[in-house]
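Now for the letters of each chain:
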Amino acid sequence: MMPWGAGLRAPLPTVPRAHHAHTRTRPRILLHIVLLTLPLLVVGASSESTRPKLGSLQFLRATYNVSIYENSLPRTYVVGEQLMGVALDDLPPSAHVTYDIVEGDQDGFFTAEEEMVGGVAVLKMRTRTGLRDVLNRERRARYFLVIQAKVRNSGHRGAALKARTNVTVTVLDTNDNIPLFYPTVYQVSVGEDSSLHTPLISVTAHDADAGYNGQVYYSLDDHNTNLFAVHPTTGVLSVTRPLSHAYGRVHKVVVLAQDRGPQPRHLRAASAARATVEVQVHQVNLHPPRITVQHLPHVVEHSHTHIYAIITVDDPDEGESGRVDKVDIVSGDPDRLFSITRGSKSKEYNLAVLKLLDRELAPEGYNLTLQAVDSGIPSRKTRVSVHVNIADVNDHAPVFAREQYEEAVSEEAPPNTPVVKVAASDTDQGINGRVLFRIVAGNEDDKFNINPRTGLISTADWLDHEMTAYYSVTVAAVDQASNARRKQSSAKVIIRVLDANDNAPEFNTPNTEVTLDENEPVGSYVTRMVASDVDSGENGFISYSIANLDQVPFVIDPFDGTVSTSSVLDYEAQRRVYTIKVRASDWGTPFKRETETTVKVKVRDVNDNRPQFEGIECKGWVSVDAPVGTNVLTLSALDLDNASIVSYKLQNDMEEECWAMDASSGVLALTCDLRKSLIISERQKTYVLNVTATDGSHISDPTSVTVAVITQLNEDQTSVRQHYHVECHETGIGTKAAEVEAAAAENNAAAEHYALLPLRYGYNSHAPDLPRKLPSVIRVREDAEIGTKILTVEAHDHDRGHNGRVVYAVSDGDTDSVFKIGVESGVLEVVAELDRERTPEFSLNITVYDLGVPHKSVSRNLTVLIVDVNDNAPEFSRVSYSLHLPENTRNGTSVAQLSAQDADEGLNAQITYELVTDVEEFTVDRATGVVYMSGGLDRERRSEYDLRVRAWDSALENQRSALARVLVTVLDINDCPPEFGAASKLTVDVPEDLPLGAVVATLLATDQDLGVGGQLKYSLVSGHEDSFRMDEETGVVRLARSLDYETRQSYNVTIRAQDGGFPPLEAYASLFIRIHDVDETWVLQCFPNEWCWGGCMRTWPRAPWSPPSLRGTQTEAVSYTITAGDGLGYFTIDREDLTRATALS
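Computed from a predicted model, the values in this text were never measured in an experiment.

Peer 1: Whenever I open this one, the overall build of the chain confuses me. Can you help?
Peer 2: Scanning the chain for helices and strands turns up 4 helices and 83 strands. The proportion of buried residues among the 1145 residues of the chain is 45%. Carbon and sulfur atoms provide 49% of the accessible area of the chain, an area that totals close to 59,100 Å².

See below:
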């Protein structure tokens, strides 16, 4: 630290050049010498003037500057550096020059005299005699006089020659005034915390004198004090020791003021002026309040907790500064939930809870900032943070993300098929906020399960849309608080069971039998087959068809099942009974379901044919001898209708003429004796008979029978002994009837053929098969995105149709509900985020079902290993470490053990440690995390280390890390000696008249140690000779004894600074004090004559010349100097001996 003192702050004063005659360095006495060089007169100042013309008068210079001390006695001559006067070169020898003051001397202080010196009439000015007043510089410092020279020559007639010049007379100062303070009493107030050398006030004393005479030195009346110092020249009063209000509230400091000029002999010695400075030390608020908080571990929310913390506030200051004004909450409580109230004891306050707290509104609690303000001026304040932790109570029920969920699932979905995932949250904390799910209503038939942890609802059994197409399930979310405080909420889950084509159509009237008359027109209604399908949508839409492979005369409407004829039925020629297979098919996909039933159509015969004779147009003869009753002819009529009875009849009453027709057999018999009949008729007779056949409804066309009666038989007729012979033309009806009957028999005897139902409607005889190559273990990265397909399961079933269709399910092992398998596709995919650290592997049971009745299934265990990814950063067991190490801790010492863990595995969990902070004093073992000392500590160089240690995992990519803070505080030992720094070698300059008690220098040393090791004491060791003293606390060096340049010109003082450590350490400084001389001459030296003249030959080189010596008492050495007139350097003078002057060539 740079020193402070008079040596630096009070340099020797300098006097302006215009007032050099006032200085005390050496009084200068002027001697005007006029030298004559033969044969030419040389006047000392002739080089600076112009010769007057003959017959004219002119001063050597136009203006002159002279001086005289104030208070000069009468007949005191003025002094100037220039020779005043006029030259007499061209004036007659009898000319006489006189001088008068014509202007400027209104007070009549001066008079002008003339003196002939060589060829110059010298002008001399002095004070008058008999004056009542004296010159006073303080009243008038300059006189501007006009001097007139007048020449009168007794031998010359005419006007006198005149010339004028201006003479400025400067009145020089003498120490005739003492300093005066105004005011003489000062008051200043200073705080007790003022730092050393703080300026308090500037006292001012004025001295009307000039130069040294007017320069004021300030000093303290008590020059032995160490508490204050006053600057010798500026009068600034400063503090040189710490102040304390407790040990001194008012200090009266007497400041002396004395000028630096000599005291004239004719004046009495002046005493120093005195001023009193009243320094009032006011108490300063040095210390802020100290806050101590004791609080509860937490506040239970919604509880009536009145006081959370007790706050103790004290202040070590005294008086008002030590009184606590207020304690407030300044931040962290925007809703004004807390307040500060007075406690029951002094300096005690309570942190009160005003309202019921709700942890859910402030889950992290409240960070309150308390501020205590004291009553000092200015006030000091302290802030502390108080964290109010709110303990949770189970005051909130879980809240579902949605009040109602809706989802659909196919009735073909196998058990354990995911349906919907519900979610609920609870703003409570801990187990109060942990939510588990359960189904509380709507699942009476146990068709659904719910994962209590994840909320995933899945099927527990096969669903049947036809039995229950809609489920309204109530799911409860229950927190895990104690039974008495447990809360729950519920949500509706609407599950629609989507229909699948799992039901075949069913006929309302299976195996129907219908009788239908033949010959009905095409399109005649036969029957309507109605089937129903309990499935929905297209799965329940039915179409009908006839499954007969042989052509049948029937068709069926595919939409309404109406059976009608497609051709006319013929009982006689076609089938008389038809068996129709009617098939009902639904519209389901991918396979439709079908059902068959039998419709037996019986064709009822209708009498739709007339009898037809086998022979017509019969002709023949009958013997007249044919006996009565002879059956002449049997007619046969056929009816193609089934079971028709034909009866015969003769038309036109032919029976009455000997003929009779058996109605049932068609036998035509003779009923009379023909011979008699001939006799009666007397002619040969021929009978023509018309015969008809009828089936009761229809009458055949009549056929004719012509029988001729013969009386004589020829040989052929006789030989055969026949009585009749009739022949008919064949109609062919018999053959036709045989053919129709044969065709009918064939048609009715033929087997009917039907289209068979597909085999898929057969028995479910096979279970699904899983491929052998299906892996048993798969690996999935835990960062797999949702929707990632991880495996495709392909199962086969050798059955056909629905029996061969397979569906998939994860029937067990998915505890976290993170997987889903496609019901029909068999694709296993990720549906939620995986976390290896939560569940490292899953043992899934993959079950494959067919859709046959009953269902058959096969299962396979699949282990899913979750492959770790580096998704977790290392975590330190502690994020902050605090160490306190002495600064002499050895290198290699282990100072801390850092530990970090990583929830990942493998390389992702291998931890290495790195010291991030760039320091040389510490290292960290990369593998173990141990912090070692590696370089020396130096508290004075660095007292704290804020280290950052990073823990890295060893992942090959995307490395993660964590930071821990290690705060090292270096503890001090007394290892540093004091240091003066720039003040170790200090030089100051002080005048020898420095007043006692003045501060010469301040040498401050620093010690970087703490405590007593950093507390210093100063002392003077040597070289001071008791002329100086030193404040042991502040290092201020003061003048203890008056200095005398003539006795000693310098001091080399050795100063020691020693700390308070053990052992103590010390340092030394050198203070070199140079003493500057101050002129102490009290007797003014003067020449016996102001003027002298002489001469020398121009050709004399180095001619010596001896001017007159000084007059008066010589108390000091005198030196001589040519000040003017020798502009060309013709002359020299010995500085020590005026008797040795030399004229140069």
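The rest of the description comes next.
Peer 1: Can you walk me through the nonpolar core in this structure?
Peer 2: Considering soluble globular proteins, one finds that nonpolar side chains tend to be buried as a cluster. Membership of the largest hydrophobic core comes to 35 residues, with the highest contact counts inside it found for Phe59, Tyr99, Phe110, Met125 and Val169. Breaking this core down by element, the ones donating at least two residues are strand E3 (63-69), strand E5 (85-87), strand E6 (96-103), strand E7 (110-117), strand E8 (120-127), strand E9 (142-152) and strand E10 (161-172). Those residues in contact with Tyr99 that sit more than four places away from it in its chain are Phe59, Gly85, Val86, Ala112, Glu113, Glu114, Ala121, Val122, Leu123, Ile147, Gln148 and Ala149. Among the nonpolar cores identified, the runner-up in size contains 29 residues, and Leu986, Met1030, Val1053 and Ile1075 belong to it.

Peer 1: Could you clarify how one ought to interpret the pattern of salt bridges in this entry?
Peer 2: Charged atoms that come close allow side chains of opposite charge to pair. Enumeration according to the criterion identifies 35 salt bridges in this entry. Its salt-bridge partner being Asp816, residue Arg838 comes within 3.4 Å of it at the nearest N-O pair. A residue pair is termed long-range when its members are at least 10 positions apart, and Arg838 in the loop between strand E61 (827-830) and strand E62 (841-850) and Asp816 in the loop between strand E59 (806-812) and strand E60 (819-821) qualify at 22 residues. Measuring nitrogen to oxygen at the nearest pair gives 2.9 Å for the salt bridge that ties Arg939 to Asp972. One end of the pair, Arg939, is in the loop between strand E70 (930-933) and strand E71 (944-953); the other, Asp972, is in the loop between strand E72 (961-971) and strand E73 (985-991), with 33 residues separating them in the sequence.

Peer 1: Help me understand the sheet that holds strand E51 (residues 647-650) in this model?
Peer 2: The pairing of strands in a sheet happens through backbone hydrogen bonds and is either parallel or antiparallel. Spatial ordering of the open sheet is given by E51-E54-E55-E48-E56, a layout of 5 strands whose pairing is mixed. Each having just a single partner strand, E51 and strand E56 (724-730) make up the two edges of the open sheet. Across the sheet, the axes of successive neighbouring strands diverge by a mean angle of 20 degrees, strand direction being ignored. Judged from the 6 bridges that link them, strand E54 (residues 686-694) and strand E55 (residues 703-710) form a sheet pairing that is antiparallel. Residue pairing across strands places Asn690 opposite Ser704, the latter belonging to E55.

Peer 1: Explain a nonpolar patch on the surface here, please?
Peer 2: There is a patch of nonpolar side chains on the surface, built from Phe541, Phe559 and Trp587 and spanning about 360 Å² of accessible area. If you trace the backbone, Phe559 turns up in the loop between strand E43 (554-556) and strand E44 (562-565). Taking the relative accessible area as the measure of exposure, Phe559 reaches 61% and is therefore exposed.

Peer 1: Which parts of the structure should I look at to understand unusual backbone geometry?
Peer 2: Glycine aside, the phi torsion of most residues is negative, and most peptide linkages are trans. Between Ile377 and the following residue, Pro378, the backbone shows a cis peptide bond with an omega angle of -10 degrees. As for its placement among the helices and strands, Pro378 is situated in the loop between strand E26 (366-374) and strand E27 (381-388). The residue His197 is not glycine, and still its phi comes out positive at about 65 degrees. Along the chain, His197 turns up in the loop between strand E12 (185-191) and strand E13 (199-202). Residue Asn511 is not a glycine yet carries a positive backbone phi of 50 degrees. Within the secondary structure, Asn511 is located in the loop between strand E38 (506-507) and strand E39 (512-517). Classification of Asn511 by relative accessible area gives exposed; the value is 58%.

Peer 1: What is the right way to read the packing of aromatic side chains from this model?
Peer 2: Geometry of an aromatic ring pair is reported as the spacing of the ring centres plus the angle between the planes. According to the stated counting rule, one finds 18 aromatic pairs in the structure shown. Measuring from centroid to centroid gives 6.0 Å for Phe400 and Phe437, while their planes differ by 50 degrees, and the two rings are tilted. In this pair, Phe400 is assigned in strand E29 (residues 399-400) and Phe437 in strand E33 (residues 435-441), connecting sequence segments 37 residues apart. Grouping residues by exposure puts Phe400 and Phe437 together as buried. Aromatic side chains Phe554 and Tyr578 sit 5.2 Å apart centroid to centroid with 80 degrees between the ring planes, which places their arrangement in the edge-to-face category. Taken together, the positions of Phe554 in strand E43 and Tyr578 in strand E45 (residues 577-586) put the pair 24 residues apart, joining distant regions of the chain.

Peer 1: Mind showing me how you'd approach the side chain of Ser339 here?
Peer 2: Note that Ser339 resides in strand E24 (residues 338-342). Residue classification places Ser339 among the buried positions, given a relative accessible area of 18%. Not counting chain neighbours up to four residues away, the residues in contact with Ser339 comprise Ile329, Asn350, Leu351, Ala352 and Leu354.

Peer 1: Teacher, can you tell me more about the pairing of E3 here?
Peer 2: On a regular strand, one side chain projects to one face of the sheet and the next to the other, so that they alternate. Both E3 and E10 contribute to a ladder of 7 bridges, which runs parallel. Following the sheet pairing, Ser67 is matched in E10 by Thr170.

Peer 1: I would appreciate a short explanation of the sheet that holds strand E4 (residues 79-80) in the present structure.
Peer 2: Read across the sheet, 5 strands follow the order E4-E3-E10-E9-E6 without closing on themselves; strand pairing throughout is mixed. Looking along the sheet, the strands with just one partner apiece sit at the ends: E4 and E6. Strand direction decides the pairing type here: E3 and E4, joined by 2 bridges, are antiparallel. Each bridged residue has a counterpart across the sheet, and for Ser67 the counterpart in E4 is Val79.

Peer 1: How should I be thinking about the state of the cysteines in this particular structure?
Peer 2: Here a disulfide denotes one covalent bond, and it connects the sulfur atoms of two cysteines. Within the structure shown, the criterion is met by 2 disulfides. Residue pairing for Cys658: its cysteine sulfur links by disulfide to Cys672, the two sulfurs lying 1.3 Å apart. For the disulfide bridge between Cys658 and Cys672, the dihedral angle about the S-S bond is near 110 degrees, and by the sign convention the bridge is right-handed. Separated by 14 residues along the polypeptide, Cys658 in the loop between E51 and strand E52 (659-661) and Cys672 in the loop between strand E53 (667-670) and helix H2 (674-681) bring together distant segments of the chain. The exposure class assigned to Cys672 is buried, which follows from its relative accessible area of 13%.

Peer 1: Quick question: what am I supposed to make of the environment of Tyr470 here?
Peer 2: Residue position: Tyr470 is located in strand E36 (residues 470-479). A relative accessible area of 48% places Tyr470 in the partly exposed class. Residues Tyr470 and Ala408 lie 62 residues apart in sequence; the distance between their C-alpha atoms is 9.1 Å. With residues up to four places along the chain from it excluded, the contact list for Tyr470 reads Ile494, Ile495 and Arg496.

Peer 1: What exactly am I supposed to notice about helix H4 (residues 733-749) here?
Peer 2: Counted at 1.5 Å a residue, the expected span for H4 with its 17 residues is 24 Å, and the 24 Å between its end C-alpha atoms agrees. Those residues of H4 lying buried are Ile733, Ala737, Val740 and Ala744. Viewed along the axis of H4, the buried residues span an arc of 65 degrees, placing them on a single side of the element. Residues of H4 that are exposed and angled more than 90 degrees away from the buried face: Glu739, Glu746 and Ala749.

Peer 1: Looking at this structure, how should I read the side chain of Gln371?
Peer 2: Its place among the elements puts Gln371 in strand E26. Looking at Gln371, the relative accessible area reads 10%, which means it is buried. At 2.6 Å, the side chain of Gln371 forms a polar contact with the side chain of Arg383. Excluding residues that lie within four positions of it along the chain, Gln371 makes contacts with Lys326, Val327, Asp328, Val330, Lys381, Thr382 and Arg383.

Peer 1: Please clarify how the pairing of E44 should be interpreted in this entry.
Peer 2: Here 3 bridges tie strand E40 (residues 525-528) to E44, and the two strands are oriented antiparallel to one another. Along E44, the bridge assignment pairs Tyr525 with Ser564. With 3 bridges joining them, E43 and E44 adopt antiparallel strand pairing. Each residue of the ladder has a partner; that of Val555, found in E44, is Ser564.

Calculation criteria
Residues numbered from 1 in each chain as written. Predicted model: local features only at pLDDT ≥ 70, side-chain atom pairs only at ≥ 80, totals over all residues. Heavy atoms only, no water. Helix = DSSP H or I, 4+ residues; strand = E, 2+ residues; numbered from the N terminus. Buried < 20%, exposed > 50% of the residue type's maximum accessible area, 1.4 Å probe, protein only. Areas by Shrake-Rupley, 256 points an atom, 1.4 Å probe, with all protein chains shown as cover. Core = buried A, V, L, I, M, F, W, Y, C linked by side-chain atoms within 4.5 Å. Contact = heavy atoms within 4.5 Å. Salt bridge = Lys/Arg side-chain N within 4 Å of Asp/Glu carboxyl O. Pairing = 2+ DSSP bridges. Axes fitted to C-alpha atoms, helices over the stretch in contact; angles between N-to-C directions. Patch = residues over 30% accessible without salt bridge, like charges linked within 9 Å, V, L, I, M, F, W, Y side chains within 5 Å. Phe/Tyr/Trp six-rings, centres within 6.5 Å; stacked < 30°, edge-to-face > 60°. Disulfide = S-S within 2.5 Å. Expected span 1.5 Å × (residues − 1). Arc of directions from axis to C-beta. Polar contact = N/O pair within 3.5 Å; in protein donor to acceptor, adjacent residues only side chain to side chain.

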